[in-house]
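Each chain, letter by letter, is given below.
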Amino acid sequence: QALAPLHPVAVQCQEAQVVVTVHRDLFGTGRLVRAADLSLGSASCPPLPQNPAESTVTFVAGLHECGSTLQMTPDSLIYKTSLSYKPAPSGNLVIVRSNPVVVPIECHYPRKSNVSSSAVRPTWAPFRSTLSAEERLMFSLHLMDDDWSAERLSNGFQLGESLHLQADVASEGHVPLRLFVDDCVATLSPDRNSSPRYAFIDLSGCLVDGRADDTASAFISPRPRQETLQFVVDAFKFAGDNRNLIYITCHLKVSPADQAPNPWNKACSFNKASSLWAPVEGTGDICSCCETGNCPMHG
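In this text the structure is predicted, and so the values were computed from the model without any measurement.

Our next topic: the overall build of the protein chain. Looking only at helices and strands, the protein chain features one helix and 18 strands. By residue count, 45% of the 299 residues in the protein chain fall in the buried class. Partitioning the contacts of the protein chain with sequence separation of at least 6, the portion at a separation of at least 24 is 63%. For the protein chain, the accessible area works out to roughly 15,000 Å², and carbon and sulfur atoms hold 52% of it.

This part takes up the environment of Met144. Topologically, Met144 is positioned in strand 10 (residues 138-144). Met144 sits 21 residues away from Leu165 along the chain, and the two C-alpha atoms are 5.9 Å apart. Those residues within four positions of Met144 in sequence are excluded, and the remaining contacts are Ala150, Glu151, Arg152, His164 and Gln166.

Judged by nonpolar contacts, the single largest core of 56 residues is most densely connected at Val181, Phe200 and Phe231. Here this core gets five residues from one element, more than from any other, and that element is strand 12 (residues 177-187). Apart from residues no more than four positions distant in its own chain, Phe200 is found in contact with Cys184, Val185, Ala186, Cys206, Leu207, Val208, Asp209, Phe231, Val233, Phe236 and Ile248. Of all hydrophobic cores here, the second largest spans 10 residues; its members include Cys206, Cys268, Phe270 and Cys289.

Time to look at the sheet that holds strand 8 (residues 112-116). Pairing is antiparallel across the open sheet formed by four strands, whose spatial order is 8-16-12-13. Bordering the open sheet on either side are strand 8 and strand 13 (197-201), each of which pairs with just one other strand. Each neighbouring strand pair of the sheet contributes to a mean axis angle of 25°, computed without reference to strand direction. Relative to strand 13, strand 12 is paired through four bridges, and the arrangement is antiparallel. When the sheet's bridge partners are listed, Thr187 is paired in strand 13 with Arg197.

For Asp241, the position within the fold is in the loop between strand 15 (228-234) and strand 16 (247-256). Relative accessible area serves as the criterion here: at 16%, Asp241 is assigned to the buried category. Here the side chain of Asp241 touches Arg243 through a polar contact of 2.8 Å, side chain to side chain.

Let us now look at the sheet that holds strand 1 (residues 9-13). An order of 1-2-4 is seen for the three strands of this open sheet, with the pairing classed as antiparallel. What marks the edges here is a single partner per strand, and that holds for strand 1 and strand 4 (56-62). Strand-to-strand twist in this sheet, taken as the mean axis angle between neighbours without regard to direction, amounts to 15°. Strand direction decides the pairing type here: strand 1 and strand 2 (residues 17-23), joined by five bridges, are antiparallel. Each residue of the ladder has a partner; that of Val11, found in strand 2, is Val20.

What follows is about unusual backbone geometry. Here Ser195 and Pro196 are connected by a cis peptide whose omega angle stands at 5°. Along the chain, Pro196 turns up in the loop between strand 12 and strand 13. Here the amide bond leading from Ser221 into Pro222 is cis, since omega sits at 0°, within 30 degrees of zero. Tracing the backbone shows Pro222 in the loop between strand 14 (218-219) and strand 15. For Trp148, which is not glycine, the phi dihedral falls at a positive 65°. For Trp148, the position within the fold is in the loop between strand 10 and strand 11 (162-170). Note on Trp148: relative accessible area 18%, which makes it buried.

Our next topic: the pairing of strand 11. Of all nine residues that make up strand 11, seven are buried, and the element is covered over most of its length. With seven bridges joining them, strand 10 and strand 11 adopt antiparallel strand pairing. When the sheet's bridge partners are listed, Met144 is paired in strand 11 with His164. Direction of pairing for strand 11 relative to strand 15: antiparallel, over a ladder of seven bridges. For Asp168, the partnering residue across the bridge sits in strand 15 and is Thr228.

Time to look at the environment of Leu38. Along the chain, Leu38 turns up in strand 3 (residues 38-40). For Leu38, a relative accessible area of 3% translates into the label buried. The spacing of Leu38 and Pro87 is 49 residues in sequence and 8.2 Å in space, taken between C-alpha atoms. Filtering out sequence-adjacent residues up to four positions away, Leu38 remains in contact with Val22, Val33, Pro47, Val57, Phe59, Ser84 and Tyr85.

What counts, and at which threshold
Note on numbering: residues in each chain are counted from 1, in written sequence order. Where local features are concerned, this predicted model is filtered to residues with pLDDT of at least 70; where side-chain atom pairs are given and counted, the filter is 80 or more; whole-chain, interface and lining totals use all residues. With hydrogens and water stripped out, all remaining heavy atoms of the structure feed into the side-chain values. Starting at the N terminus, helices and strands are each numbered in turn, a helix being any DSSP run of H or I of at least four residues and a strand any DSSP run of E of at least two. Remark: exposure states derive from per-residue accessible area (1.4 Å probe, protein chains only) relative to the maximum for the residue type, with buried under 20%, exposed over 50%, and partly exposed in between. Contacts are residue-level and defined by heavy atoms, with any inter-residue pair within 4.5 Å sufficient. The accessible surface values rely on the Shrake-Rupley method and a 1.4 Å probe; as for residues, cover is taken only from the protein chains in view. The criterion is simple. A nonpolar core is a set of buried Ala, Val, Leu, Ile, Met, Phe, Trp, Tyr and Cys residues joined through side-chain atoms within 4.5 Å. Here, a strand pair is defined by DSSP locating no fewer than two bridges between the strands. The axes used here are C-alpha line fits, helices contributing only the stretch in contact, and every angle between their N-to-C directions lies in the interval 0 to 180 degrees. Polar contacts, as counted here, are pairs of nitrogen or oxygen atoms within 3.5 Å of one another; within protein the pair requires one atom able to donate a hydrogen and one able to accept it, and residues that are adjacent in sequence qualify only if both atoms are side-chain atoms.

These figures come from the coordinates and say nothing about function on their own.
Right, here's the structure in full:
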């Protein structure tokens, strides 16, 4: 160990792929391992072609390629794979001079993000905010035209009109993901915890504004795609305050698209005709906590 290179295996978790660089002096003994004895993942993916004189071996693979697995925690998507070194006999076919090695590799991607509007003045301003960084998913929120065809250019809303909001996540290169809006709050300052505040989406995906008697606020069903969620909210202002400046902060998250929606991951609207909560997808029981107000916050 004392002779081993400081970082014999280096990993880069990029937006859509993982890059693994292996020093051929894997054990720090000066004896170089052969690239052909190295592989990535349960699918035993080979490294990139290389010059035999090079001292490193490089693997490049999509996050869900080479037999990688996905684990989801409340806060992260974790892609797991492994680097394998399996020495093949050379020369004398009955002996080998090194041990096999398996190096676990993980890439962590935060599955939640807050996206906020710029200050809205004098009424509602075009609205776009994206969090984008290496090792992060790219979330965005857009104010859309009434037919959802493009971002809304006009910055004026009258009470009685509706806001068409579209949340997205760029998930190319990941396993298929489904986007949810955990909550959205409107405030008179950039601090989402300031007062007064109005949570029009709450309880891990309940569009509670639609429960009021005089609104038609709802999620749009079906989705245009799994990584997009659209919702309509009737325009409003804060009572007793003449300012036409409102901040909106929404908390977005993703789960694997093949995971069934549940009380933690849901998009529920109140149907006034039936007086029942209904999900964009999943079974109706996942929305029952929208009425009781005791939705689980983690899962």
